[in-house]
Amino acid sequence: MEIHHANFVGSFVSVTQCPPPDKPEYAFIGRSNVGKSSIINMLTGRKALARVSNTPGKTQTLNHFLIDETWYIVDLPGYGYAKISKTQRKVWEQFIRNYLLRRENLQCVFHLIDSRIPPQKIDLEFADWMGEMHIPFVMVFTKIDDKKYNKGSNVDAYNRKMLESWNTLPEHFLTSSRKRTGRNEILSFIEDINKQFYS
Ligand SMILES: Nc1nc2c(ncn2[C@@H]2O[C@H](COP(=O)(O)OP(=O)(O)O)[C@@H](O)[C@H]2O)c(=O)[nH]1
Ligand SMILES: [Mg+2]
């Protein structure tokens with residue numbers, strides 16, 4: 001699948017504000033700085049569709065991008081920003097929980113995980129929570145072009161940790177936005193689900 005048009009639809013503060021749920025939707029989430037904006041730009045082939053920034057942790061909005069008039073990418077606020085207070089964290093959890101549980105056209109969550117660092121408790125906990133809530137998700141390991149990727153040792157460690165609470169692993173993708181690695185794989189995964197949605 002190729003992407004021809006990608007337009008920013010808007011930023012929404014609740015599910016009720018979101019566009020009508022008549023098109024398949026895919027949400028991207030992960031720790032701040034994991035490379036979420038970069039991967040959205042890489043997939044859509046647009047340089048600055050989603051803002052790439054080094055100062056994470058501010059906005060709490062659902063940012064919708066309409067792709068070729070047929071499906072949505074949603075950029076969700078990142079988690080794990082060190083300076084965030086307990087209260088802010090609760091607000092984030094409520095906000096995300098509400099979206100993930102209520103958005104009826106949500107097909108799959110792309111859970112982004114930094115391949116350069118050892119397994120993080122916060123990522124594993126978030127994955128477990130999605131599992132408990134029966135929210136379909138796949139794992140997207142980011143920045144595999146970096147030397148700290150170290151032949152996937154962190155990925156292996158993360159998968160081993162996942163297997164402590166999961167019987168089978170969710171599908172996973174190895175990606176680099178710099179090198180455009182994993183782009184075709186992710187797009188054909190989405191294409192398959194889109195076909196099912198419209199058939
Ligand atoms: N080496 C490498 N760095 C990346 C890649 N993708 C993003 N980054 C860097 O990681 C930082 C955070 O990226 P960004 O997309 O803003 O992350 P976000 O906070 O999750 O949206 C930036 O400095 C990017 O240049 C990648 O594929 N490889
Ligand atoms: Mg970002």
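Quick caveat, the model's predicted, so the values are computed rather than measured. (Residues numbered from 1 in each chain as written. Chains lettered and ligands numbered in written order. Predicted model: local features only at pLDDT ≥ 70, side-chain atom pairs only at ≥ 80, totals over all residues.)

Engineer: Would you mind showing me how to read the overall build of the protein chain here?
Structural biologist: When you go through the protein chain residue by residue, the secondary structure sums to five helices and seven strands. In the protein chain, the order of α-helices and β-strands from amino to carboxyl end is β-β-α-β-β-α-β-α-β-α-β-α. Expected size for 199 residues packed as a compact globule is a radius of gyration near 16 Å; at 16 Å, the protein chain falls within 12% of this value. The C-alpha extent of the protein chain, read off along each of the three principal axes, is 40 × 40 × 35 Å. Counting over 199 residues, the protein chain shows a buried share of 31%. (Helix = DSSP H or I, 4+ residues; strand = E, 2+ residues; numbered from the N terminus. Rg over C-alpha atoms; globule rule 2.2 N^0.38 Å. Buried ≥ 20, exposed ≤ 12 C-beta atoms within 10 Å, placed from the backbone.)

Engineer: Would you explain the sheet that holds strand S5 (residues 106-114) in this entry?
Structural biologist: The strands making up a sheet associate through backbone hydrogen bonding, with each pair oriented either parallel or antiparallel. The strand order across the open sheet built from seven strands is S1-S3-S4-S2-S5-S6-S7, with neighbouring strands paired in mixed fashion. Of all the strands in the sheet, just strand S1 (6-12) and strand S7 (172-174) have a single pairing partner and so form its edges. The mean angle between the axes of side-by-side strands here comes to 25°, regardless of whether they run parallel or antiparallel. Sheet analysis places strand S3 (residues 62-67) next to strand S4 (residues 71-75), joined by five bridges and oriented antiparallel. (Pairing = 2+ DSSP bridges. Axes fitted to C-alpha atoms, helices over the stretch in contact; angles between N-to-C directions.)

Engineer: Just to check I follow, could you spell out the nonpolar core for this structure?
Structural biologist: One broad rule of soluble globular proteins: the nonpolar side chains tend to lie buried together. Residues Ala27, Phe28, Ile73, Val74 and Leu112 are the most contacted members of the largest nonpolar core, which totals 37 residues. Counting residues per element, this core draws most heavily on S5, at five residues. Excluding anything up to four places from it in sequence, phenylalanine 28 contacts Lys36, Ile39, Ile40, Ile73, Val74, Asp75, Leu76, Phe110 and Leu112. (Core = buried A, V, L, I, M, F, W, Y, C linked by C-beta atoms within 7 Å. Contact = placed C-beta atoms within 7 Å.)

Engineer: I would appreciate a short explanation of the confidence of the model for the protein chain in the present structure.
Structural biologist: Interpretation of the predicted coordinates at a detailed level should be avoided for regions scoring low in pLDDT. Averaged over all residues, the pLDDT of the protein chain is 92; the fraction at 70 or higher stands at 96%. Per-residue pLDDT stays below 50 along residues 53-57; that stretch engages in nine contacts with residues further than four places along the chain or on separate chains. (pLDDT = per-residue confidence, 0-100.)

Engineer: Sorry if this is basic, but what is going on with the pairing of S5 here?
Structural biologist: Working note: regular strand, side chains alternate between the two faces of the sheet. Judged by how many residues are buried, S5 sits mostly within the fold: seven of nine residues are covered. As defined by bridge partners, strand S2 (residues 25-30) adjoins S5 across six bridges and the pair is classed as parallel. Note that in S5 the partner of phenylalanine 28 across the bridge is phenylalanine 110. The pairing of S5 with strand S6 (residues 137-142) spans six bridges and is parallel. Paired with histidine 111 across the two strands is methionine 139, which belongs to S6. Regarding the hand of the β-α-β motif, the stretch spanning S5, helix H3 (residues 121-132) and S6 is right-handed. (Right-handed = clockwise from strand over helix to strand, strands pointing away.)

Engineer: Teacher, can you tell me more about unusual backbone geometry here?
Structural biologist: Positive phi outside glycine occurs at lysine 143, with the angle close to 65°. On the secondary structure map, lysine 143 appears in the loop between S6 and helix H4 (153-162). With 24 C-beta atoms packed within 10 Å, lysine 143 lands in the buried category. Although it is not a glycine, lysine 151 sits at a positive phi angle of roughly 55°. Mapped onto the fold, lysine 151 is located in the loop between S6 and H4. For lysine 151, a count of 8 C-beta atoms within 10 Å translates into the label exposed.

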